[in-house]
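Structural overview
Each chain, written out:
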There are 8 protein chains.
Amino acid sequence: MSVAVVMGSASDAPVMEGTSRCCGTSTCPTRSVSSRRTGHRRCPRFRPEGGGNGRKVLIAGAGGAAHLAGVLAAVTPLPVIGVPIAVGELGGLDSLLAMVQMPKGVPVATVAVNGAGNAGLLAVRILALADERLAGGSDRHRDEMAAKVRKADEEIQIRFST
Amino acid sequence: MSVAVVMGSASDAPVMEGTSRCCGTSTCPTRSVSSRRTGHRRCPRFRPEGGGNGRKVLIAGAGGAAHLAGVLAAVTPLPVIGVPIAVGELGGLDSLLAMVQMPKGVPVATVAVNGAGNAGLLAVRILALADERLAGGSDRHRDEMAAKVRKADEEIQIRFST
Amino acid sequence: MSVAVVMGSASDAPVMEGTSRCCGTSTCPTRSVSSRRTGHRRCPRFRPEGGGNGRKVLIAGAGGAAHLAGVLAAVTPLPVIGVPIAVGELGGLDSLLAMVQMPKGVPVATVAVNGAGNAGLLAVRILALADERLAGGSDRHRDEMAAKVRKADEEIQIRFST
Amino acid sequence: MSVAVVMGSASDAPVMEGTSRCCGTSTCPTRSVSSRRTGHRRCPRFRPEGGGNGRKVLIAGAGGAAHLAGVLAAVTPLPVIGVPIAVGELGGLDSLLAMVQMPKGVPVATVAVNGAGNAGLLAVRILALADERLAGGSDRHRDEMAAKVRKADEEIQIRFST
Amino acid sequence: MSVAVVMGSASDAPVMEGTSRCCGTSTCPTRSVSSRRTGHRRCPRFRPEGGGNGRKVLIAGAGGAAHLAGVLAAVTPLPVIGVPIAVGELGGLDSLLAMVQMPKGVPVATVAVNGAGNAGLLAVRILALADERLAGGSDRHRDEMAAKVRKADEEIQIRFST
Amino acid sequence: MSVAVVMGSASDAPVMEGTSRCCGTSTCPTRSVSSRRTGHRRCPRFRPEGGGNGRKVLIAGAGGAAHLAGVLAAVTPLPVIGVPIAVGELGGLDSLLAMVQMPKGVPVATVAVNGAGNAGLLAVRILALADERLAGGSDRHRDEMAAKVRKADEEIQIRFST
Amino acid sequence: MSVAVVMGSASDAPVMEGTSRCCGTSTCPTRSVSSRRTGHRRCPRFRPEGGGNGRKVLIAGAGGAAHLAGVLAAVTPLPVIGVPIAVGELGGLDSLLAMVQMPKGVPVATVAVNGAGNAGLLAVRILALADERLAGGSDRHRDEMAAKVRKADEEIQIRFST
Amino acid sequence: MSVAVVMGSASDAPVMEGTSRCCGTSTCPTRSVSSRRTGHRRCPRFRPEGGGNGRKVLIAGAGGAAHLAGVLAAVTPLPVIGVPIAVGELGGLDSLLAMVQMPKGVPVATVAVNGAGNAGLLAVRILALADERLAGGSDRHRDEMAAKVRKADEEIQIRFST
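The paragraphs below set out a description of the structure included in this document.

About the thresholds
Residues numbered from 1 in each chain as written. Chains lettered and ligands numbered in written order. Predicted model: local features only at pLDDT ≥ 70, side-chain atom pairs only at ≥ 80, totals over all residues. Heavy atoms only, no water. Helix = DSSP H or I, 4+ residues; strand = E, 2+ residues; numbered from the N terminus. Buried < 20%, exposed > 50% of the residue type's maximum accessible area, 1.4 Å probe, protein only. Contact = heavy atoms within 4.5 Å. Core = buried A, V, L, I, M, F, W, Y, C linked by side-chain atoms within 4.5 Å. Buried area = accessible area lost by both parts, 1.4 Å probe. Polar contact = N/O pair within 3.5 Å; in protein donor to acceptor, adjacent residues only side chain to side chain. Nonpolar A, V, L, I, M, F, W, Y, C, P; charged D, E, K, R; others polar. Least-squares fit on C-alpha atoms with pLDDT ≥ 70 in both. Pairing = 2+ DSSP bridges.

Side note on the overall build of chain A
- If you tally the helices and strands in chain A, you get 5 helices and 4 strands.
- Along chain A, helices and strands appear, N-terminal first, in the series β-α-β-α-β-α-β-α-α.
- A burial count over chain A gives 67% of its 162 residues as buried.
- Here the contacts in chain A between residues at least 6 apart in sequence split such that 68% fall between residues at least 24 apart.

Observations concerning the nonpolar core
- Membership of the largest hydrophobic core comes to 62 residues, with the highest contact counts inside it found for I59 and I81 of chain A together with I59 and I81 of chain B.
- Once residues within four sequence positions are removed from consideration, I81 of chain A is found in contact with V57, L58, I59, A60, A109, V111, A119, L122, A123 and I126 of chain A.

What about the interface of chain A and chain B?
- The interface is formed by 36 residues belonging to chain A together with 36 residues belonging to chain B.
- Taken over both partners, the interface formed by chain A and chain B buries close to 3100 Å², and the fraction arising from carbon and sulfur atoms is 63%.
- Summed over the three residues of chain A that lose the most area to chain B, namely P107, R125 and L129 of chain A, the buried surface amounts to 23% of that side.
- Here chain A is connected to chain B by 17 residue pairs in polar contact (both at pLDDT 80 or more).
- When its residues are assigned to classes, the side of chain A that touches chain B shows 26 nonpolar, 5 polar and 5 charged.

Considering the relation of the copies chain A and chain B
- Expressed as a screw transformation, the operator carrying chain A onto chain B has a rotation angle of 180 degrees and an axial translation of 0.0 Å, and the superposed copies differ by an RMSD of 0.0 Å. In the structure described here, the two chain copies are related by an operation that fits a two-fold rotation axis.
- The residues that chain A uses at the interface reappear at the interface of chain B in 100% of cases, marking a shared surface.

Quick notes on helix α2 (residues 68-75) of chain B
- Most of α2 of chain B sits out of view: 8 of its 8 residues are buried.
- Turning to α2 of chain B, its buried residues number three or more, namely L68, A69, G70, V71, L72, A73, A74 and V75 of chain B.

Notes on the side chain of T19 of chain E
All names here are of chain E.
- Secondary-structure assignment places T19 in helix α1 (residues 13-22).
- Taking relative accessible area as the criterion, T19 reaches 0% and is therefore assigned buried.
- Reaching out from T19, the side chain makes a polar contact with the backbone oxygen of A116 at a distance of 3.1 Å.
- Aside from chain neighbours lying at most four places away, what touches T19 is V5, I59, A116, G117, A119 and G120.

Examining the environment of G18 of chain F
All names here are of chain F.
- One can find G18 in helix α1 (residues 13-22).
- Distance in space between the C-alpha atoms of G18 and N114 is 9.0 Å, their sequence separation being 96 residues.
- Those residues within four positions of G18 in sequence are excluded, and the remaining contacts are A116 and G117.

Remarks on the pairing of strand β3 (residues 80-85) of chain D
Residue and element names in this part refer to chain D.
- For β3, a buried count of 6 out of 6 residues is recorded, marking the element as mostly surrounded by other parts of the structure.
- The alternating pattern of β3 places V80, G82 and P84 and I81, V83 and I85 on opposite faces, both of which are buried.
- As judged from the 2 bridges shared by β3 and strand β4 (residues 109-110), these two strands associate in the parallel manner. Considered in β4, the bridge of G82 is made with T110.

Comments concerning unusual backbone geometry
- Positive phi is not limited to glycine here, since N114 of chain D has a value of about 65 degrees.
- Given a relative accessible area of 27%, N114 of chain D falls into the partly exposed group.

In structure tokens form, the structure reads like this:
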């Protein structure tokens, strides 16, 4: 049971690497498919059969007129998470609207512009519904984050009180 | 195993009813929590224990500076789906940005402005990962939709060819 | 030699009818394909072979996260004209950005929001490069339009001078 | 009687330091609370009892889907000033809308994007309603600012007249 | 001790009436000044002297290039709350930006587009810092609102469960 | 000495009639030129020679990709005032940006979206620099407006005090 | 007869220097008034009396919630040209809307964001209506610009043909 | 049979060079015309006569209030492709809207902001309708692109699997 990371272009890789860092202990085999430019022919048909190769959640990152997540959501019954990537001059507003404003029938779970990390955490939350160990990993991640916030808090208390 | 629909205000109900229509055969007990206005005190702590009362996926609809989904995502380890609702004069752009642009650590699976239907379908896709019958319901829904598209297609062929 | 009008949803038909009105004397057989919702399986592979059934220019209208034109531009070597259609609350800005901001390699000739008429006129300009009679029809259309402007001008002179 | 500065993340500190610089002679003890990421559990319940520890005005800075000010405004009866902080690619428009577009019943006094300085000055204006000395400090600040403007004016006269 | 409501134009009155409704039991004498169009000559110099006529908080509503709140904030040391009013075609985004993006030195406490009610509630929060009775009124208002939310909640439970 | 009102399309006339109403006592002969659609061939070359037919100030109203004012500013040395007209779905933001963002060398004096009245008042201010009588008319217009504001103010005082 | 350049803040000077460069041979004495921050008390009352010190056209540059041009247009009967200056994170969209969207009765002739050069050229066009020599200077400026374009054209022909 | 590249200003050349690179084997003689600033007098009347000098498709790049493509589309019956170029502070949104939102009767085939490469590819698709060899070149370009995508895909597989 795992996550597949797909991206619209090789240039999306630096942003999308944030996804696997946030998946914590879960394995995140990825696959880059520049689907738009090759006519979607190489776009894998992700099926929920499970097994060694079975993906459960798809994460798709793309920029500009970012169609990749919507195209995947139309060809698979699996949950698809979309990461709008900021490219060019419009600050990612184009990517965000092209990804989130899907018509009824084709849902894409969209996260923030360049929010690849949250895409990974969302995938873990989904998979943890059926896998107790992932839920434990997710809790550990939250505890570590809370500890970091406490430490940053103390440093700011010192900095602002001087 | 079920979905909880939460909304920021009673005025969000007409939009959010689209959610339960799209959940198809799955039961969708709902709970309205105007969390912002009552200091979050009545905001239920959704836990993934399951059981008769156990929610698995939360769907939160809210408008304007739409914080509800983000607040829920911070207090529960469950997947949270956000529905930005268009209220007032800015066309829902405020709701969309306030819901999707979450900081790292608190993922919200955002759908389109007023996209309550897709929120329901996304919840079913997530629950279907662990429940075969829901997967079947989801496939039936897709088949019905494809049939509708074929019918609309034929009507348009006639209309445009005259 | 002809134009194919494709649309993302049956609800786009009222806007897209403006296309065929503007194609003037050229025949415009149309085909509605709700490509996103049926997994692109029914999306015809438009080829430039010509012949009785040969399309030369594709016009695609869609709203929201409007992927249709981009998907067609990736699967066909023909020129694809995109008509962003305003649906929902964001005034078509989402449709426009999702259609025009295509990555390098997949060009979509985008016209104004709801600009189906200009999509038809653009198709005629393209086809007229190889067909003298269409060029003549295009000139006639411009002459008629100029006459209308002269008439409107005279009426405004009278209205503003009183 | 004092001001509390709260921020959504430690990375907001460089912007929020502008607040204490503008509070002039008033003491500004601060407290960083990354409230969203730790489930609001560590978010202090600011009460207006006064006394040595009593806060009178809260200033909350946050970026992206900036919920912090709204959450505080829901849990305290004190005036809450919000500073939208520009993070990421959308220039702070997301932070601004997520902070200012609050539903009726939960007011947030929002200042400009990254406008931490004005947040401090606004807090002093509010506190000066009950504390004559603060009013005097506020007047001194205005006099100093007017003097600076006169000086800048003279320099520009020279620069533009040459 | 009271609040003054100022508006940029008589056409702003229907929106600004929401302010006095939200001030609850506190008296809200108002004053309309169409300051921009008469060269600010009739704009009253609000001073914090108090007394029978003494205003403590100013609330300014204006639309379009909404300067009124900023102009008042420059001529008075009192806290100024700004209500951006949606007029014309741009949905109030122009009013919001023209009101909130003030330069350092002139703070305006901006609320949501057409958010006159929250402006009144914010004024009461500010005045309650020095007036115990207003604090009580504010608490009563919150209790009433919480009761309304509970009632709406019950109705939605019934509606969604059928 | 007079003003010419030009418009991009006959459908702009209802908005542009506001211009002549605001020119007060000055004569405003107008001329509608749908310049874009007829290749600019009928676009009159406005020259500053004066005389019975001599225009001094041009006012151009247009919607969408509103080029008319910029085209006139490039072919005449006269001051050109632009009125962006809201057409279609984008609220006039397209018209405003297409009119005001002119490159260096071709100035267009742009007023608000649909602000035809202010375009007329601006033209009178410009012409009044050389014509004392127009200055008098402009002062009278301001006095009438101030009287109206005083009257509206009194009505609002009564309305808000009850 | 001359032009006055006013700016909202000393930091606007680098942009506003573009104005005087574009006034060509006409003298442009300038005056910086940081009007908002000093309560408009030092804002000169520009009157159209003429004479050695008489300003005929005012040019006002300001950023953010850019009120300066509108305030001047309300206190003077002279034509006021506004230059929205991009400051902070929103790319000048805030300055543009705060300057151009003036209510009826107070016209501001707005140019592009940071378009100080065009403000100068527009002022010369206005003054040239009454001063033949300025008209000549304006024509010379256009001739020089046309020559530059021809030269750039030749260079590009060479560059693109290799 | 060829393509003409026209640009609004010499500063647009670096972006527009992307056009000729994407035209592949087709010859692309270019012509820079700063049409707005010289009153359109030097704007060549492109006619479809063909012959050695005959242009078939026009590509126009411009920034800001980008009128060039629309002006060309009004004076020629040929297909005009518009490239909005990002200049200044608004990220090209102004250029995009000023180019794409053309009124009915004057179609401009608009591509992405700074999308000069796709403009070239679109021109080749149009010309290939009548020229078999260009179709072959276009297919070769797609094959090369597909090969590049495969290579990038492999590299990402390695990078993400380590």
